[in-house]
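Below are the chains, spelled out letter by letter.
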Amino acid sequence: AGSGALTVECTREGQVRLDGQPVERAALTSALQKAMAGTRRPIVLRAHKGLELGEAVAVLDLIRAAAPENVSIATVEAPPVHPSVVTHQAGADTGARITFSKTYGSVLSDEARSIVPIADEGFILAGSSFPTTDQTIYSPVILKLDPQGNILWQKKIGNLIAYRTEETRAFVQAQDGGFVILAQLKLGVDPWTDSWLIIKTDTAGAVEWQKAFAHSKHDNPNNLVATKDGGYLLLGNVRTPNDASTMIWAIKLRSAGTVEWQKYYEPAVAFSISSVAETSDNGYLLSGSYRDDYQSSRIWAAKFTSTGSISWQKKFTITGEPTNYQYGNAIIQTADGGYTIGGASDGNRFYLMKFSTQGTITWARRYRGDNGFSVADILQMVDGGYLLLVNGASSNYLVKVNGSGDIEWQRQYMTGEYSVSRIRPTMDGGYVVVGSVSIPGPPYSYYTAMWVMKINPDGTFNGTCPQGLGDPANLTSEIVSLAATDTTAQAKLSLDLPGTSNATSTDSSLTTQE
């Protein structure tokens, strides 16, 4: 830390120490001010590599509150993992920061899936790309970006075999600082012959291990969690054994990729999973849709234990809304131990719903203004409110609401063929958003590129605002009623059918544009 420096240490469990002595997090700011006693002393933040990014950012904000401008604050020295549901305050001004909006791609089709802020204040961007002009090959790609969004290195990762499509569906950072890709693998020319592919890389994108799993001809992986024990939970939708409906498949892996347990969850008719979050008791929260018949769809949520047993499961019906499409898009556990779901229905509406630890409804809000809404991601703020990343038919939105769902501020980004998928807190107090965009150009009338947007805490850009970015929006909100009903999905042991994979990591050649 250097002579005269103060060291703040965050353990993986979130405990805080100041120069080796335990200190309550709420008292950290005053303890630092007392230790500095008006002197100019550098402050170094050390974070365990397993600490969630949001936890590290929250402690960094406490340090900033204590330190005057002439005090040096170091960044986290070890790579954090996935972001916490509780982050720094949206809208707070914590000083000058970098903002940008850039696209990344070839001239074929490149789609972004996720982004991970890392300790050097840069980013790892993950998605899928045609790595060559051979349009029969589609594979995962990861890019290392600097804090300004410039490409430092990029890797195409996959088997790279003609007519073997490998599409990135989820992406996380591992506890050792490396990265894990969950991909949907389509074998051969049959578009319905699918399997799940998971690839572990080191910090430079080199493949360390890989596994393939096959359950049916309609395997659709869509969620990956880096669990607190160093392993991984894979979830997605597969067909029932009689190929008549859709069910959920879950696979829990150890840190080296070996199977710890796996189960499938079979409903009365059909259901699907869209989002999952690990809970404080090492269990899991799931959200998606549940069908009692093939004409209706309800928002669905469930709590699983650490071994995949169902603690409880419920479907929620939005009163007064058509039941042909009601869907839970995103779920998080909240600071009070409950959970919050972002959902959507047909038309110009999306929803935010707060529940207790046992699925009891606390409150629900409906938001109106655009068409084709879906909630892509949710972050909970330190003030108890939420930051919602929302896709609309004509624009994308960032909406800050309070702890009861009332809108505090809102911004819209890009009209036209843009979509967003994830928002993550960054070490400088801002946020990074990832998505995709359709751009006019050869070889067809449009091609798809990855899109990354780095923004201030209030959703704005520094200097001249890029066209269509960060303008005020005009969504409205209102209280709605929900009806909760228990569902009867059953957890059953499953036997995986191992697939084969020989993925490699090689340099790629995507370009970037402002």
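Thresholds, definitions, all that
Residues numbered from 1 in each chain as written. Predicted model: local features only at pLDDT ≥ 70, side-chain atom pairs only at ≥ 80, totals over all residues. Heavy atoms only, no water. Helix = DSSP H or I, 4+ residues; strand = E, 2+ residues; numbered from the N terminus. Buried < 20%, exposed > 50% of the residue type's maximum accessible area, 1.4 Å probe, protein only. Contact = heavy atoms within 4.5 Å. Areas by Shrake-Rupley, 256 points an atom, 1.4 Å probe, with all protein chains shown as cover. Core = buried A, V, L, I, M, F, W, Y, C linked by side-chain atoms within 4.5 Å.

**Q** Can you help me understand the overall build of the protein chain in this one?
**A** The helix and strand inventory of the protein chain stands at 2 helices and 40 strands. Going through the 514 residues of the protein chain one by one, you find that 57% of them count as buried. Look at the contacts in the protein chain between residues 6 or more apart in sequence, and 57% of them connect residues 24 or more apart. Accessible surface, the protein chain: about 19500 Å² in total, of which carbon and sulfur atoms supply 50%.

**Q** Could you clarify how one ought to interpret the nonpolar core in this entry?
**A** Looking at soluble globular proteins, one finds that nonpolar side chains tend to be buried together. Counting 35 residues, the largest nonpolar core has Ile-198, Leu-224, Tyr-232, Leu-234 and Leu-286 as its most contacted members. The dominant element in this core, judged by the number of residues it contributes, is strand 17 (residues 246-253), at 6 residues. Beyond its immediate sequence surroundings of up to four residues, Leu-224 is in contact with Ala-170, Phe-171, Val-172, Val-180, Ile-181, Leu-182, Ile-198, Tyr-232, Leu-233 and Leu-234. Within the second largest apolar cluster, 20 residues are counted, among which are Trp-409, Tyr-431, Val-433 and Trp-451.

**Q** I keep staring at unusual backbone geometry and nothing clicks. Help me out?
**A** Backbone geometry follows two general trends: most residues other than glycine have a negative phi, and most peptide bonds adopt the trans configuration. Residues other than glycine seldom take positive phi values, yet Glu-121 does so here, at roughly 70 degrees. Assignment of secondary structure puts Glu-121 in the loop between strand 7 (110-117) and strand 8 (123-129). The class of Glu-121 is partly exposed, set by a relative accessible area of 31%. Of note, Asn-282 is a non-glycine position whose phi angle comes to about 70 degrees, a positive value. Within the element layout of this structure, Asn-282 appears in the loop between strand 19 (270-278) and strand 20 (284-291). Here Asn-282 falls in the partly exposed class, since its relative accessible area comes to 38%.

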